[in-house]
Amino acid sequence: MRLKKWLYYLVKLRKKILVPFVLLYILAAALGIYMIEPHTFQSYLTSIYWVMTTLATVGFGDYAPVTNLGKAYTILLYITGIGLLSVFFGKLIETVHHIDRMKAGGKMKFTGKDHIILIGWSEKSKLAMQEIFKSDQKTDIVIIDDLPKAPMMEDRLFYIRGNATDEKTLLDANIPKAKGVIIFADQITQDNFSSRDPLLVDGKTLLIATAITLIEQRYNKEIHVTAEVVNQNHLPLFDHVKVDEFIPTHEMISHAAVRSLFSHGVTNMYSELMSTQYGDSMYEIPKKAEWRTYRDAFIDLLDKGATLVADSGDMHINQKLDYLIPEDAQLFIICDKDIYKELTGKTEDK
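What you see is a predicted model, and the numbers here were worked out from it, not measured in a lab.

**Regarding the overall build of the protein chain**
Along the protein chain, the regular secondary structure elements total 11 helices and nine strands. Buried residues in the protein chain amount to 37% of all 350 residues. With an accessible surface of roughly 21700 Å², the protein chain has 60% of that area assigned to carbon and sulfur atoms.

Here is the structure:
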């Protein structure tokens, strides 16, 4: 057993010292040839250049030893150095493959910032990911789930494997520096147990929201959290945790389905409002000093090609046009991306 431990230690030590050993070998070999033939290799940098081309078997021929000792030294360099360099590059390739495997397996920590975290992989989270990619050309997405490997491989998509109720998993996704989090209802729990006990689906969402709230308090960070709730009767259960917005899935589907019977084509309006695929989309816009009432803002925006539709969650702007706009108003408009950029002075997506 002791011999096995020593062998394991030597293997680990070899991995750690391989890179510095190769660098030291190149520098020492360059110094050796420089001392043997200083007239052939006029500078130490030239000798380093020659050693590198020799070990890489490139051999440009612009520099070559002329003495017997120099030639013998070169033969020794061939025997020892080329093999060493092959091991080094093999180890480098192996490391790259190992990183790729860890990334695909969700075992690498995400170190970026201003990213969006999607918790739970399903068709809904896939559509959300596609919507984010269409809306923003820079924001990274981190998926948290317990799948054996990443569900998709994209340039700006990262995967963390683990339980989203676990603090370590959330920290591996670098949640303190995230732009926001969307918690999707667990698809497996929903498919298997929702018919018998719908509380289990929203119960897991509640546990995840609780874990995020604890991290917010510990790191003194404000993280925008949107949670999908299957049963709207469970919303009061979330009172003790910080969830900024809810997606009451069943309620929204039922409402859209009923309205479609009385107003044919209303579901197309829902789709257009909630997606960027038709060009127009909903954006938040800051209040301008010259806008005193909602009417001022509505007319000014309409003249510029945008429609004011809501203040925070209040979509009854048309009924309160003469009301004063409060200082903490959160105004939302519908327009295309170019008009939004003109209104806000932004030159690129944020």
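Once the structure has been displayed, the description carries forward.
**Remarks on the pairing of strand β1 (residues 116-119)**
Neither face of β1 is exposed, since Ile 116 and Leu 118 on one face and Ile 117 and Ile 119 on the opposite face are all buried. In terms of strand pairing, β1 meets strand β2 (residues 141-145) through four bridges, oriented parallel. Residue pairing for β2: Ile 117 is matched across the bridge by Val 142. Following the backbone out of β1, through helix α4 (residues 123-135) and into the adjacent parallel β2, one traces a crossover that is right-handed.

**Side note on the nonpolar core**
Among the nonpolar cores identified, the biggest contains 26 residues, and Ile 117, Ile 119, Ile 183 and Ile 212 are the most heavily contacted of them. Elements with a minimum of two residues in this core: β1, β2, β4 (180-183), α7 (199-219) and β5 (224-229). With six residues, α7 is the single largest residue contributor to this core. Residues in contact with Ile 212, not counting those within four places in the same chain, are Ile 119, Leu 170, Ile 175, Val 181, Ile 183 and Val 225.

**What to know about unusual backbone geometry**
With a phi angle near 55°, Asp 114 is a residue other than glycine that sits in the positive phi range. Along the chain, Asp 114 falls in the loop between α3 (68-104) and β1. Located in the positive-phi region is Asn 220, a residue other than glycine, with phi close to 55°. With respect to the helices and strands, Asn 220 occurs in the loop between α7 and β5.

**As for the packing of aromatic side chains**
The full count for this structure, using the stated rule, is seven aromatic pairs. Consider the rings of Tyr 49 and Tyr 63, whose centres lie 6.1 Å apart with planes at 80°: the pair is edge-to-face. Pair noted here: Tyr 49 is in helix α2 (residues 44-55) and Tyr 63 is in the loop between α2 and α3, with a separation of 14 residues, a long-range link. Residue Tyr 49 is classed as partly exposed on the basis of its relative accessible area, which comes to 33%. Owing to a relative accessible area of 27%, Tyr 63 belongs among the partly exposed residues under this scheme.

**Topic: a nonpolar patch on the surface**
The grouping of Leu 27, Leu 31, Met 35 and Tyr 44 at the surface amounts to a nonpolar patch, some 380 Å² of accessible area in total. The dominant element in the nonpolar patch, judged by the number of residues it contributes, is helix α1 (residues 2-36), at three residues. Of note, Met 35 is situated in helix α1.

**Side note on α4**
Over its 13 residues, α4 extends 18 Å from the first C-alpha to the last, a length consistent with the 18 Å expected when each residue adds 1.5 Å. Those residues of α4 not exposed but buried are Ser 125, Ala 128, Met 129, Glu 131, Ile 132 and Phe 133.

**Topic: the environment of Asp 140**
Along the chain, the position of Asp 140 falls in the loop between α4 and β2. For Asp 140 and Lys 179, which are 39 residues apart along the polypeptide, the C-alpha to C-alpha distance reads 9.8 Å. Excluding anything up to four places from it in sequence, Asp 140 contacts Phe 110, His 115, Ile 116, Arg 156 and Phe 158.

**A look at the pattern of salt bridges**
If you walk through the whole model with that rule in mind, you get 11 salt bridges. Measuring nitrogen to oxygen at the nearest pair gives 2.6 Å for the salt bridge that ties Arg 218 to Glu 167. Taken as a pair, Arg 218 in helix α7 and Glu 167 in helix α5 (residues 167-172) lie far apart in primary sequence, 51 residues in all. Residue Glu 167 is classed as partly exposed on the basis of its relative accessible area, which comes to 29%. Between Asp 244 and Lys 242 there is a salt bridge, with the nearest N and O atoms lying 2.9 Å from each other. Here the salt bridges do not stand alone but share partners, grouping Glu 216, Glu 222, Lys 242 and Asp 244 into one network.

**Topic: α2**
For α2, spanning 12 residues, the distance from its first C-alpha to its last is 17 Å, which sits close to the expected 16 Å at 1.5 Å a residue. All buried positions along α2 are accounted for by Thr 46, Ser 47, Trp 50, Val 51, Thr 53, Thr 54 and Leu 55. Where α2 ends, the next residue or the one after it, Thr 57, has phi of about 55°, a positive value.

Cut-offs applied
- Residues numbered from 1 in each chain as written.
- Predicted model: local features only at pLDDT ≥ 70, side-chain atom pairs only at ≥ 80, totals over all residues.
- Heavy atoms only, no water.
- Helix = DSSP H or I, 4+ residues; strand = E, 2+ residues; numbered from the N terminus.
- Buried < 20%, exposed > 50% of the residue type's maximum accessible area, 1.4 Å probe, protein only.
- Areas by Shrake-Rupley, 256 points an atom, 1.4 Å probe, with all protein chains shown as cover.
- Pairing = 2+ DSSP bridges.
- Right-handed = clockwise from strand over helix to strand, strands pointing away.
- Core = buried A, V, L, I, M, F, W, Y, C linked by side-chain atoms within 4.5 Å.
- Contact = heavy atoms within 4.5 Å.
- Phe/Tyr/Trp six-rings, centres within 6.5 Å; stacked < 30°, edge-to-face > 60°.
- Patch = residues over 30% accessible without salt bridge, like charges linked within 9 Å, V, L, I, M, F, W, Y side chains within 5 Å.
- Salt bridge = Lys/Arg side-chain N within 4 Å of Asp/Glu carboxyl O.
- Expected span 1.5 Å × (residues − 1).

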